[in-house]
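Each chain, written out:
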Amino acid sequence: MSQSASPAGSAAEPGEPLRAAILGTGSVAHLHAAALRDLPGVELVAAADPTAQQLVAFAETYGIQGRYAALEDLLAAEKVDVLHICTPPAGHAEQTVAAFARGAHVVVEKPAALSLAELDLMTDAGRTAGRGLAVVFQQRSGSAAAHVKGLLDSGALGRPLAALCQTHWYRTADYFAVPWRGTWASEGGGTTLSHGSHQIDLLAYLLGGWSAVHATMWRLQHDVETEDLSHASLVFESGAVASVVSTVLAPRQSSLLRIDTENATIELEHLYGHGHAHWRITPAEHVDAVTAESWRLPDREVPSGHDALFAEVYASLLGGHGMPQIVGHPARALEIVSAMYASARDARWISRSDLAGPGMRGSLAGPIIDARPRRSA
Ligand SMILES: NC(=O)c1ccc[n+]([C@@H]2O[C@H](COP(=O)([O-])OP(=O)(O)OC[C@H]3O[C@@H](n4cnc5c(N)ncnc54)[C@H](O)[C@@H]3O)[C@@H](O)[C@H]2O)c1
């Protein structure tokens, strides 16, 4: 394993490239490395993974010099300005706190943590170290989401009223054969946390603060501890009410958002990422043509993705501004999802303020309605 001489510590000097490192070199790490390779002002200096063969292949592919079996070796040997955490979720909290303690900013894959209590530790450690935390919800990125958020925030579309937020994905038993998937202890939750949270996060990014949720959790097919389907009603501070469905049981896969406001219907249908062609804004009958035309998506298209999100993160860090607004409210999706699990567990509405109460910030584990056909003995 290589060792670079510089100590771990503070962020880069003005004009110097930011030194990035990647922890975990499995599937999603490739999206991080490919995005970083194309970004100006960033040097991908190190990676760590206990799986030696995979680590070497990964490092060779992206020309990464520093190669380590464990995070502590990497942090002891390298000066890292930004650590990208691409490991299974059970390690995220401890790894984030360790990186903050060595002066790095952290970009952590979703889900950020297994519980709100863990996420509290992470954000507290970041605050103490004066470093930023970005959770990878890349669907917030891209020119269309920015445009629609601008329209909603400006009030041009009127009050948001009704919404649909649907994650209809499809996963077979092979997907759950990976040891860290399907258990409360290592994945943290089921399809609501692991898949639905992307659309839930995007909906909340567009609509803002939420106030209450009521949910049910179901296991209809897979041999897992967690749920493979959930339904929820989610109420926003604006008064808008969303119907939220998350599942891995949908042969025709689709990720769908629909927001009906006083003046328009906004629709987004895609799968794992969106460009302009996936969005539609339909004006209400009373909206005049000039106003509707002013809502058109901009000519310059930036598709959503890890690359688009990281471009914003690094531009902001390089400019000395800390983490950008696009990664603001890093806890919001986990709050909503935690409240959904608590609602299903306690069979009642959970308000945002309830999350401050005892037993509300720990493990998401709870009873799931098991509606799988009984197997004959
Ligand atoms: N944002 C997205 O669209 C997206 C997509 C896929 C996965 N993810 C998330 O990314 C994370 C990783 O998922 P994945 O599919 O890449 O998993 P994976 O199993 O393919 O890869 C995880 C890697 O982490 C390594 N690892 C485990 N413990 C480690 C440790 N302590 N130190 C260093 N390396 C360690 C493993 O050896 C493995 O190579 C999960 O949180 C997942 O939910 C996000």
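Quantities reported herein were computed from a predicted structural model and do not represent experimental measurements. Here the residue numbering is sequential within each chain, running from 1 through the sequence in written order. Restriction of local features to residues with pLDDT of at least 70 applies here, the model being predicted, together with a cutoff of 80 or more for giving and counting side-chain atom pairs; totals for whole chains, interfaces and linings are based on all residues. The basis for every side-chain value is the complete set of heavy atoms in the structure, and neither hydrogens nor water enter the calculation.

A. Main features of the overall build of the protein. In terms of regular secondary structure, the protein is built from 11 helices and 15 strands. C-alpha extents for the protein along the principal axes are approximately 65 × 65 × 40 Å. When accessible area is computed with a 1.4 Å probe and restricted to protein chains, residues below 20% of their type maximum are described as buried, those above 50% as exposed, and intermediate ones as partly exposed. The proportion of buried residues among the 377 residues of the protein is 54%. At a minimum sequence separation of 6, the contacts of the protein that also span at least 24 residues come to 70%. Summed over its atoms, the accessible surface of the protein is roughly 16100 Å², and 54% of this surface lies on carbon and sulfur atoms. Across the protein, the centroid of the 27 positively charged side chains sits 3 Å from that of the 39 negatively charged ones. Think of it this way: any DSSP run of H or I at least four residues long counts as a helix, any run of E at least two long counts as a strand, and we number them from the N terminus. Whether two residues are in contact is decided by their heavy atoms: any pair within 4.5 Å suffices. Per-residue and other accessible areas were derived by the Shrake-Rupley procedure at a 1.4 Å probe size, with only the shown protein chains allowed to occlude residues. Note that His is not counted, nor are the chain ends; the positive residues are Lys and Arg, and the negative ones are Asp and Glu. Here the site of a charge means atom NZ of a Lys, CZ of an Arg, CG of an Asp or CD of a Glu.

B. Quick peek at the site of the ligand. One heavy atom suffices: a residue is near a molecule or strand as soon as one of its heavy atoms comes within 4 Å of it. Neighbouring residues of the ligand: 26 residues in total, closest Val28, Asp49, Gln54, Glu109 and Gln138. In the environment of the ligand, an oxygen atom lies 2.7 Å from a nitrogen or oxygen atom belonging to the side chain of Gln54. Definition of a polar contact: a pair of N or O atoms within 3.5 Å, with one able to donate and the other able to accept a hydrogen when the atoms are protein atoms, and with sequence-neighbouring residues admitted only if both atoms are side-chain atoms. Lys110 places a main-chain nitrogen or oxygen 3.0 Å from an oxygen atom of the ligand. Here the ligand, which alone exposes 850 Å², has 77% of that area covered by the protein. Its residues assigned to classes, the shell around the ligand shows 10 nonpolar, 12 polar and four charged. Charged means Asp, Glu, Lys or Arg here, nonpolar means Ala, Val, Leu, Ile, Met, Phe, Trp, Tyr, Cys or Pro, and polar covers whatever is left, Gly included.

C. Examining the domain arrangement of the protein more closely. Where each domain begins and ends follows an automated or database-derived domain assignment. Considered domain by domain, the protein is made up of domain 1 (18–136) and domain 2 (140–305 + 329–356). Relative to domain 2, the C-alpha centre of domain 1 lies at a distance of 27 Å. Between domain 1 and domain 2, the residue contacts involve 12 residues of the former and 15 residues of the latter. Surface buried jointly by domain 1 and domain 2 totals about 1100 Å² across both partners, of which 74% is contributed by carbon and sulfur atoms. Buried area: the accessible area, evaluated with a 1.4 Å probe, that two parts lose upon being put together, summed over both parts. Ranking the residues of domain 1 by area buried against domain 2 places Lys110, Leu114 and Leu116 at the top, with a combined share of 43%. By definition, a salt bridge exists where a carboxyl oxygen of Asp or Glu is found within 4 Å of a side-chain nitrogen of Lys or Arg. Inspection of the domain 1/domain 2 interface yields zero salt bridges. Joining domain 1 to domain 2, the criterion identifies one residue pair in polar contact (both at pLDDT 80 or more). Its residues assigned to classes, the side of domain 1 that touches domain 2 shows 10 nonpolar, one polar and one charged.

D. Structural view of the pattern of salt bridges. Throughout the structure, instances matching the rule amount to 20 salt bridges. For Glu78, the salt bridge goes to Arg19, with nearest N and O atoms at 3.1 Å. Taken together, the residues span a long stretch of sequence, with Glu78 in the loop between α3 (71–77) and β4 (82–85) and Arg19 in strand β1 (residues 18–23) at a distance of 59 residues. Looking at Arg19, the relative accessible area reads 17%, which means it is buried. Note that Arg219 and Asp370 form a salt bridge whose closest N and O atoms lie 3.4 Å from each other. Of this pair, Arg219 sits in strand β8 (residues 210–219) while Asp370 sits in strand β15 (residues 369–370), and the two are 151 residues apart along the sequence.

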